[in-house]
Amino acid sequence: MADTLNKKTLTVNQFPTLTWNFLKINNSKIDIADDVFESSCAVAETELPSGVTYNDGEIATLCTNGMGKSVDALFDAYKDSIPAAIYTVADNANAVVKLSYNVEDGDNVLTDVVIRAGENSNCTFIMDYSSDKDAKAFAGWRTQIIAEANAVVKVVKVQLLGNNVDYFDDIGSSIADSAHVDVIQLSLGGKNSWTGNYATVAGYQSEVTGKLAYVCRENQTLDVNYVAHHTGCETISKMYVDGVLSGNAKKTWRGTIDLCNGAHSAKGDEQENVLLFNPEVENKSLPVILCDEEDVEGHHGATVGKLGADLLFYMQTRGVDQKQAQKMLVKAKISSLTRDIPDEALVETVHNYIEEVFSHD
């Protein structure tokens, strides 16, 4: 990327309700090189299974997305030159789709993906992002999920980018009656990273699950905004976040369960667990429940801990040094999520990535 390009700042991951400004948690900023975005970075697709069709198209914003209106405006500005990749799953179809994205050195790219899951369909989309270890680039993805009645949609996102890649991953879903959307995210690489996941849980007995596991190390930053917006009756949302911070890493997580008026018998649960390997890290966790309905149920919480001296001493007496102990704990946290990834080769790639990272740290 050239250093003389026009710069633009996006305000992203706006918290639904404001808190104290000095906490610097209400939103985040992304500095981008404007007017030079290229089309989607290379994607290697296996042959699409029966019941799934693909086409390019000009797509506007279809649902509320996690990172906010400024990212939607960015995509809208490039909709003529950067077509959306639209995947349509037929009614009653069962399918697994694997998409692999490679970011190259110097890339400044946007990728717009739409998943339309028809009634009674059951589909899994596995999306992995990678780059060369030394690549310097900027990449942004937007994924919009439209789940029709009784559809079951699982979207798996595995981020294994190099340490000099800035990226964002913006997700939105609209969930109809008795439909279920499950979003699984694994964030291991990148330099400065942003992600947002906004679910409109509108259909009767609709459900959303959002799971995120992350490792932030050295000088990495990660900024996350999860929102479950309940408007339908007997709806369910679950958010589970599990991560590790080491070096001088910085991480912010905002989790909001919004139980709106009319969402009778809705239930929401959000939990985060953070493990700190270094006192120099910066962690901000903000789990919040907003409620405008009496007949609802909500649970939230966050746990922050460190590698205890007693546990470390116990492991050292058995020949496990501090570095090995940290790697074991990271693998344990990551494994809690990788067991939900139906791709053995990708899971092995994840574990190899962790091995390489810790062998050089």
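Scroll up a little and you will see the structure.
Cut-off values and rules
Residues numbered from 1 in each chain as written. Predicted model: local features only at pLDDT ≥ 70, side-chain atom pairs only at ≥ 80, totals over all residues. Heavy atoms only, no water. Patch = residues over 30% accessible without salt bridge, like charges linked within 9 Å, V, L, I, M, F, W, Y side chains within 5 Å. Areas by Shrake-Rupley, 256 points an atom, 1.4 Å probe, with all protein chains shown as cover. Salt bridge = Lys/Arg side-chain N within 4 Å of Asp/Glu carboxyl O. Helix = DSSP H or I, 4+ residues; strand = E, 2+ residues; numbered from the N terminus. Buried < 20%, exposed > 50% of the residue type's maximum accessible area, 1.4 Å probe, protein only. Pairing = 2+ DSSP bridges. Axes fitted to C-alpha atoms, helices over the stretch in contact; angles between N-to-C directions. Phe/Tyr/Trp six-rings, centres within 6.5 Å; stacked < 30°, edge-to-face > 60°. Contact = heavy atoms within 4.5 Å. Polar contact = N/O pair within 3.5 Å; in protein donor to acceptor, adjacent residues only side chain to side chain. Lys, Arg positive; Asp, Glu negative; His and termini not counted. Charge placed at Lys NZ, Arg CZ, Asp CG, Glu CD. Disulfide = S-S within 2.5 Å. Arc of directions from axis to C-beta.

With respect to a nonpolar patch on the surface
- A cluster of nonpolar side chains, namely Trp20, Phe22 and Leu23, defines an oily patch on the protein surface of about 390 Å² accessible area.
- By secondary structure assignment, the location of phenylalanine 22 is in the loop between β1 (7–12) and β2 (28–33).

A word on the pattern of salt bridges
- Evaluation of the coordinates by the stated rule reveals 13 salt bridges.
- Here arginine 142 and aspartate 112 are joined by a salt bridge, their closest N and O atoms 2.9 Å apart. Of the two residues, arginine 142 sits in strand β9 (residues 136–147) while aspartate 112 sits in strand β7 (residues 108–117), which places them 30 residues apart along the sequence. Residue arginine 142 shares its accessibility class with aspartate 112, and that shared class is buried.
- When salt bridges that share partners are traced, they join Asp72, Asp112 and Arg142 into one network.

Observations concerning the sheet that holds strand β5 (residues 84–89)
- Pairing in this open sheet of nine strands is mixed, and the strands run β4-β5-β7-β9-β11-β13-β15-β17-β19 from one edge to the other. The open sheet has two free edges, formed respectively by β4 (52–57) and β19 (282–291), since each of these has just one partner strand. The mean angle between the axes of side-by-side strands here comes to 10°, regardless of whether they run parallel or antiparallel.
- Bridging between strand β13 (residues 192–201) and strand β15 (residues 221–230) involves 10 bridges; their strand directions are parallel. In the strand pairing of β15, valine 201 is matched with histidine 230.

Examining the pairing of strand β18 (residues 266–276)
- Strand direction decides the pairing type here: strand β16 (residues 236–245) and β18, joined by 10 bridges, are parallel. From the neighbouring strand, valine 241 faces β18, where its bridge partner is glutamate 272.

Regarding the pairing of β9
- The buried fraction of β9 amounts to 11 of the 12 residues, a majority that puts the element mostly inside the structure.
- For β7 and β9, the ladder comprises 10 bridges, and the chain directions are parallel. Residue valine 109 lies in a different strand from β9, and its bridge partner there is alanine 139.
- For β9 and strand β11 (residues 164–175), the ladder comprises 12 bridges, and the chain directions are parallel. Within the sheet, the bridge partner assigned to threonine 143 lies in β11 and is isoleucine 171.

Examining the packing of aromatic side chains
- Tallied over the entire structure, the rule returns 11 aromatic pairs.
- Centroid distance tyrosine 87 to phenylalanine 125: 5.7 Å. Interplanar angle 65°. Geometry classified as edge-to-face. Here phenylalanine 125 lies in strand β8 (residues 122–131) and tyrosine 87 lies in strand β5, a separation of 38 residues in the sequence.
- Judged by its relative accessible area of 1%, tyrosine 87 is buried.
- Ring-pair connections join several aromatic residues into one group, and the members of that group are Phe37, Phe75, Tyr78, Phe138 and Phe168.

What about the environment of asparagine 283?
- Relative to the elements of secondary structure, asparagine 283 occurs in strand β19.
- Expressed as a C-alpha distance, the spacing of asparagine 283 and lysine 251, which sit 32 residues apart in the sequence, is 5.1 Å.
- In contact with asparagine 283, not counting residues within four places along its chain, are Tyr214, Leu245, Lys251, Val274, Leu276 and Val304.
- Side chain to side chain, asparagine 283 and lysine 251 meet in a polar contact 2.7 Å long.

Focus on a negative patch on the surface
- Taken together, the side chains of Glu104, Asp105, Asp132 and Asp134 present a region of like negative charge at the surface.
- Looking at the element boundaries, aspartate 132 is found in the loop between β8 and β9.
- A relative accessible area of 59% places aspartate 132 in the exposed class.

Considerations on the state of the cysteines
- Under the counting rule described, the total for this entry stands at zero disulfides.
- Summary of cysteine pairing: cysteine 63 is not part of a disulfide, and the nearest cysteine sulfur, belonging to cysteine 123, is at 14 Å.
- Here cysteine 260 stays free of any disulfide, with the sulfur of cysteine 291 as its closest cysteine sulfur at 9.4 Å.
- For cysteine 260, a relative accessible area of 14% corresponds to the buried category.

Points about helix α1 (residues 69–77)
- Those residues of α1 not exposed but buried are Val71, Asp72, Leu74 and Phe75. Down the axis of α1, the sector holding all buried residues measures 155°, keeping them to one side. The outward face of α1, more than 90 degrees from its buried face, is lined by the exposed residues Lys69 and Ala77.
- Elements in contact with the buried residues of α1: β1, β2, β7, β9 and β11.

Here's the deal with the side chain of glutamate 270
- With respect to the element layout, glutamate 270 can be found in strand β18.
- This buried residue, glutamate 270, is left without a salt bridge; lysine 251 holds the nearest opposite charge, at 11 Å.
- Apart from residues lying up to four places away in sequence, glutamate 270 is in contact with Met239, Trp253, Gly255, Thr256, Ile257, Pro287, Val288, Ile289, His299, His300 and Gly301.

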